[in-house]
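What the coordinates show
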Amino acid sequence: MSAVPLPAPADSSYRHIAVERVAPTRHVAHIDGLRAIAVLAVIVYHLNEHWLPGGFGGVDIFFVISGFVVSTSVSQWKEGGFGTFLGYFYARRLQRIAPALLACLLVTSLASALFIPPAWLSNANEMTGSHAFFGLSNYFLANNRESYFSPTIDFNPYTHTWSLGVEEQFYLLFPLLFFAWTRGPGGRRLSMALVATAIAASTAWAWHLGHIDPAAAFYPITTRLWELAAGVLLHQVLAYQHAHSNAGGAAGLWRWPLTAAALVSLGLLGFGLVTSLPRTFPWPGAWVPVVGTLGVLGFLHGQTNSFVQRVLGCAPMTYVGRLSYSLYLWHWPVFVLLRWTCGLDSTVTRVAGLALTLALAALSLRFIERPLRYSPTLRRWPRAAVVAAGLATVVASWWISTQITQARPSLSLSTVTRNSLDWYPSALPPPRESPACRIASEGAAGSFGTRVIYSRSGCPAPATKPATLFVIGDSHATAYLRLLTDHVLRTGSSIVLYHNAGCTFVSLQPEREGGICPAQARAAVDDMLARAQPDDVLFLAALRLPRLGNQFAGFDMKPTRRAFANAPRVQRTNSERDAVTLLTPIAARGVRIVLEAPKPLFRAPPFRCADWFDASNPICRTGLAMPREELLQYRQPVMESFGRIVAQLPAASVWDPFPTLCPGETCETMRDGRPLFFDGDHLSGYANTLLLPDFERFLSAFPKATPLRNSGVAQP
């Protein structure tokens, strides 16, 4: 959030503004108080959204203040043409925004490399940070479908930079809207008309996009411009009124009515921070904090020492207001790093987070913001040179951040990152004894989703051509990639993997297979049938049970289990019938079908509980171990469905990884200090190596079948 100082208004006609190059302008205390309200609201909301449900509206307060203040700071500029104005304006903006932002981004890059392992929960982090250096993180988040109110956002240390992106994009538009204001009375009227048009267009677009795509509407400048432009227009109206009025400010009979109106506006602002609903932003939800902020700024303008000004301008409020930009920058990475490590759920961790935020913000203000913003040396530079140096620093900082990210494997303190082969089921590297023998892959995209063909290259040809192994599914299918590629290296087989992100296959859970998933499934089957030969194998791995937790929270198993066990019999019958219908043409081709029996499930994600700095995280208390018998009972409905499916498809059989993963009375996520699961239901790389021998024995024994104990399902 930009916290540009505002010169004192009153009767000066803003005469202080033109000397900004020589000396810092004075702050208006009540604007600092508004900034304090805004940043504190955001921080409270980010600590616990239930404490201040509309606290995210603090960003909207900042937007209005930024539009108002940046207009005031250049409204009396008369030193040259448009090019000179651009150099002057952008030099000031870069000196104000870039130093602290770049320092925060670089420190966050290093902290992320040290403590945050790559995962689904963090897969947007790196790109968000990379875009943030150039003021584009808001568009990355919008295009990546990252809703500001989704749980994954709480684990991205760069999420808060979306609002800085909006402001930086506003600064690209601002000279086009405002320069005419500096050209005289006619230019002032033109500028006001341009700003009013921008407000109308942005509001209309925010309303339209909010109805058709709320997640995308939250972030872009196009839906937020009206908030910043409203602050600009307020300044213009007040300045225009002042220039055409004989009154010397609000005095006499108007003093108390204006103070009362400012107090009502402050109440409206507070009402918005308490009651705002996420689904209504940016329009119409943002109008409450926006109008409240406009009211406070407008009704207090020109007043001196009113009651509201004294409240907003008291020493604690002005201190927080002057620190607000740094507080906003640093609070979010601190909170996110705590969520990734020891947690942010207790009083102790929250207090620690606030203390660390305050310390970093104070250091940033003292040693980074002020020295570079008010540098006598930079004031002597040509404005174009300041802009060029600023842009070069941005690019250099971005490059340093990329180097930090690339060095993550050697920098990281996380055992997950350092021991990636154990944790991630990625493709197997070439064997040391035969480095020329490696995995080759060929990818393609189509109506079937993504198809990748894995084969071996540089290896001796097998004596006989092995069967091709087809795999269709989502992340639970690709979680076997280590096992599959190892199988390719050992046997010379080929793997054809159809990966449909978000679309499972034969999961027996209709709610997981809606939308475009059925069409993708049929397309994958058609493509496979065009390639398959008799005795090839189709391996179907999926999450066929409701999960007990995800990467950011654990669930209560009892209601989940009851809901699954009590699912309508007709729903289960329909799922079985659909599976048989889909698989029958494959079986008719002579392809052998392998159904994966449900694996153990857990409430806690092991990758978030593997180190000294995160072992005490509250999410780890939800369960890294489960009773074996309880899980066997939980999966029994699926095993019964498999029995009925196999009875109708003689070419199908069931491979059960459960005994290998859970041989004792208690199922655990770790074995001998090495992970069996990455999160609550995805296999680790190490588990793949444990399961490979059993999987290959199963394939070699196919198609001989004997009854599967306690399930009625046939297996080799």
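Below or above, wherever it landed, is the structure these notes cover. (Residues numbered from 1 in each chain as written. Predicted model: local features only at pLDDT ≥ 70, side-chain atom pairs only at ≥ 80, totals over all residues. Heavy atoms only, no water.)

1. Details of the overall build of the protein chain
Threshold: Secondary structure follows DSSP: runs of H or I at least 4 residues long count as helices, runs of E at least 2 residues long count as strands, and numbering of each begins at the N terminus. Any residue under 20% of the maximum accessible area for its type is buried, any over 50% is exposed, and the rest in between are partly exposed; the area is computed with a 1.4 Å probe on protein chains only. Here, two residues are considered to be in contact whenever any of their heavy atoms come within 4.5 Å of each other.
Counting secondary structure elements, the protein chain contains 28 helices and 13 strands. Expressed along its principal axes, the backbone C-alpha trace of the protein chain runs to roughly 100 × 55 × 45 Å. Burial status across the protein chain gives 56% buried among its 716 residues. By sequence separation, contacts in the protein chain at least 24 residues apart represent 78% of the contacts at least 6 residues apart.

2. Observations concerning the nonpolar core
The criterion, for reference: Among the buried residues, those of types Ala, Val, Leu, Ile, Met, Phe, Trp, Tyr and Cys that are joined through side-chain atoms within 4.5 Å form a nonpolar core.
Judged by nonpolar contacts, the single largest core of 115 residues is most densely connected at Phe-89, Trp-162, Phe-170, Phe-174, Tyr-219, Leu-312 and Leu-329. The dominant element in this core, judged by the number of residues it contributes, is helix α3 (residues 82-115), at 14 residues. Excluding residues within four positions of it along the chain, Phe-170 makes contact with Gly-67, Val-70, Ile-221, Leu-225, Leu-228, Ala-229 and Val-232. Counting 81 residues, the second largest nonpolar core, distinct from the first, contains Val-471, Tyr-498, Leu-683 and Tyr-686.

3. Quick word on a nonpolar patch on the surface
Condition: The patches reported here contain residues having more than 30% relative accessible area and no salt bridge. Joining distances are 9 Å for like charges and 5 Å for nonpolar side chains (Val, Leu, Ile, Met, Phe, Trp, Tyr). All accessibility values rest on the Shrake-Rupley procedure with a 1.4 Å probe; residue burial counts only the protein chains present in the view. Here, a salt bridge means any side-chain nitrogen of Lys or Arg that lies within 4 Å of a carboxyl oxygen of Asp or Glu.
Taken together, Phe-82, Leu-172, Leu-173 and Leu-176 make up a surface patch of nonpolar side chains, about 370 Å² in accessible area. The dominant element in the nonpolar patch, judged by the number of residues it contributes, is helix α6 (residues 161-178), at 3 residues. The residue Leu-173 is located in helix α6 in this model. Using a relative accessible area of 33% as the deciding quantity, one classes Leu-173 as partly exposed.

4. With respect to the sheet that holds strand β5 (residues 537-540)
This is how the line gets drawn: The pairing criterion for strands is at least two bridges between them, as found by DSSP. Convention adopted: a line fitted to C-alpha atoms gives each axis, helices being fitted over their contacting stretch, and angles between N-to-C directions are expressed from 0 to 180 degrees.
Taking strand neighbours across the sheet as the criterion, the 7 strands line up as β1-β2-β4-β3-β5-β6-β8 in an open arrangement whose pairing is mixed. Each having just a single partner strand, β1 (438-446) and β8 (652-655) make up the two edges of the open sheet. Within this sheet the neighbouring strands show an average axis-to-axis angle of 20°, counted without direction. As paired strands, β5 and strand β6 (residues 592-596) are joined by 4 bridges and run parallel to one another. Paired with Leu-538 across the strands is Ile-593, a residue of β6.

5. Structural notes on the pattern of salt bridges
Any two side chains of opposite charge can pair, so long as their charged atoms come close to each other. Under the criterion given, the structure shown has 17 salt bridges. Glu-369 is paired through a salt bridge with Arg-96; the nearest N and O atoms lie 3.0 Å apart. Highlighted residues: Glu-369 in helix α15 (residues 347-373) and Arg-96 in helix α3, separated in sequence by 273 residues. Of the two residues examined, Glu-369 and Arg-96, each falls in the buried class. A salt bridge links Arg-547 to Asp-681, with the shortest nitrogen-to-oxygen separation between them at 3.1 Å. One end of the pair, Arg-547, is in the loop between β5 and α24 (557-565); the other, Asp-681, is in the loop between β11 (674-675) and α28 (685-701), and 134 residues separate them in sequence. Taken together, the salt bridges that share partners define one network made up of Asp-32, Arg-35 and Arg-322.

6. Re unusual backbone geometry
In the segment running from Phe-281 into Pro-282, the intervening peptide bond is cis, with an omega of 5°. Following the sequence through the fold, Pro-282 ends up in the loop between α10 (255-275) and α11 (287-300). The residue after Trp-283, namely Pro-284, is reached through a cis peptide bond having omega 10°. Tracing the chain through its elements places Pro-284 in the loop between α10 and α11. A positive phi angle, near 60°, is found at Asn-305, a position not held by glycine. With respect to the element layout, Asn-305 can be found in the loop between α11 and α12 (307-312). Relative accessible area serves as the criterion here: at 52%, Asn-305 is assigned to the exposed category. In this structure, Asp-672 takes a positive phi of about 55° despite not being glycine. Given the relative accessible area of 71%, Asp-672 is considered exposed.

7. Let's talk about the packing of aromatic side chains
Filter applied, for reference: Two rings from Phe, Tyr or Trp (for Trp, the six-membered ring) form a pair when their centres are within 6.5 Å of each other. A pair whose planes differ by under 30 degrees is stacked, one over 60 is edge-to-face, and the rest are tilted. Two thresholds decide whether a charge sits over a ring: the Lys NZ or Arg CZ must be within 6 Å of the ring centre and within 35 degrees of the ring normal.
The tally for this structure, following the rule as stated, stands at 41 aromatic pairs. Taken together, the ring pairs in this structure connect Trp-77, Phe-82, Phe-85, Tyr-88, Phe-89, Tyr-90, Phe-170, Tyr-171, Phe-174, Phe-178, Phe-179 and Trp-181 into an aromatic cluster. Above the plane of the ring of Phe-367 lies Arg-366, whose end atom (NZ or CZ) is 4.9 Å from the centre. When the ring centre of Trp-340 is taken as reference, the NZ or CZ atom of Arg-608 above it lies at 5.5 Å.

8. Digging into helix α22 (residues 481-491)
In an α-helix, one full turn covers 3.6 residues, which means residues spaced three or four apart are oriented alike. When you tally the buried positions in α22, you get 9 out of 11 residues, the bulk of the element. Among the residues of α22, Leu-481, Arg-482, Leu-483, Leu-484, Thr-485, Asp-486, His-487, Val-488 and Leu-489 are the ones counted as buried. Remark: Gly-492 follows α22 within two positions and exhibits a positive phi of approximately 85°.

9. A few points about the packing of helix α25 (residues 569-588) against helix α26 (residues 628-648)
The condition is simple: Here the angle decides the label: under 35 degrees means roughly parallel, over 145 means roughly antiparallel, 65 to 115 means roughly perpendicular, and every other value means oblique. The hand of a helix crossing depends on one turn: near helix anticlockwise from the far one by less than a right angle means left-handed, and clockwise means right-handed.
For the pair α25 and α26, the least separation of the axes is 10 Å and the interaxial angle reads 40°. By the angle class used here, α25 and α26 are oblique. Helix-helix and strand crossings are classified by hand; for α25 and α26 the assignment is right-handed. Contacts between α25 and α26 involve Arg-569, Arg-572, Glu-576, Ala-579 and Val-580 from the former and Pro-637, Ser-641, Arg-644, Ile-645 and Gln-648 from the latter.

10. Observations regarding the state of the cysteines
What is meant by a disulfide is a covalent connection between two cysteines, made through their sulfur atoms. We count it as follows: Two cysteine sulfurs form what is called a disulfide whenever their separation falls within 2.5 Å.
Overall, the coordinates contain 4 disulfides when judged by the stated rule. Linked covalently through their sulfurs, Cys-503 and Cys-517 form a disulfide whose S-S length is 2.2 Å. Across the S-S bond of Cys-503 and Cys-517 the torsion is about -80°, and the bridge reads as left-handed. Taken together, the positions of Cys-503 in the loop between β4 (495-499) and α23 (517-529) and Cys-517 in helix α23 put the pair 14 residues apart, joining distant regions of the chain. At a sulfur-sulfur separation of 2.0 Å, the disulfide partner of Cys-662 is Cys-667. Every disulfide takes its handedness from the sign of the S-S torsion; for Cys-662 and Cys-667 that torsion is -90°, giving left-handed. Look at the protein chain and number its bonded cysteines as they come in the sequence; the links are 1-2, 3-4, 5-6, 7-8.

11. Here we look at α15
As a reminder of what qualifies: Take the number of residues in a helix, subtract one, and multiply by 1.5 Å to get its expected span. Throughout, the bend at a residue refers to the angle made by two axes, fitted to the seven residues ending there and to the seven starting there.
Helix length check: α15 (27 residues) gives 36 Å between terminal C-alpha atoms against 39 Å at 1.5 Å per residue, within 8%. Maximum bend of α15: about 40°, positioned at Leu-365. The complete set of buried residues in α15 reads Thr-349, Arg-350, Gly-353, Thr-357, Ala-361, Ser-364, Leu-365, Glu-369 and Arg-373. Packed against the buried residues of α15 are α1 (29-47), α3, α13 (315-322) and α14 (324-340).

12. Some points on the packing of α3 against α14
Quick reminder of the rule: Residues were grouped as follows: Ala, Val, Leu, Ile, Met, Phe, Trp, Tyr, Cys and Pro as nonpolar; Asp, Glu, Lys and Arg as charged; and all remaining residues, including Gly, as polar.
Where α3 contacts α14, the two axes come as close as 10 Å, and the packing angle between them is 5°. Considering the angle they form, α3 stands roughly parallel to α14. For the pair formed by α3 and α14, the contact residues are Arg-96, Ile-97, Ala-100, Leu-101, Ala-103, Cys-104, Val-107, Thr-108, Ala-111 and Phe-115 on the first element and Tyr-325, Leu-329, Trp-330, Pro-333 and Leu-337 on the second. Looking at the contact of α3 with α14 residue by residue, the classes come out as 13 nonpolar, 1 polar and 1 charged.

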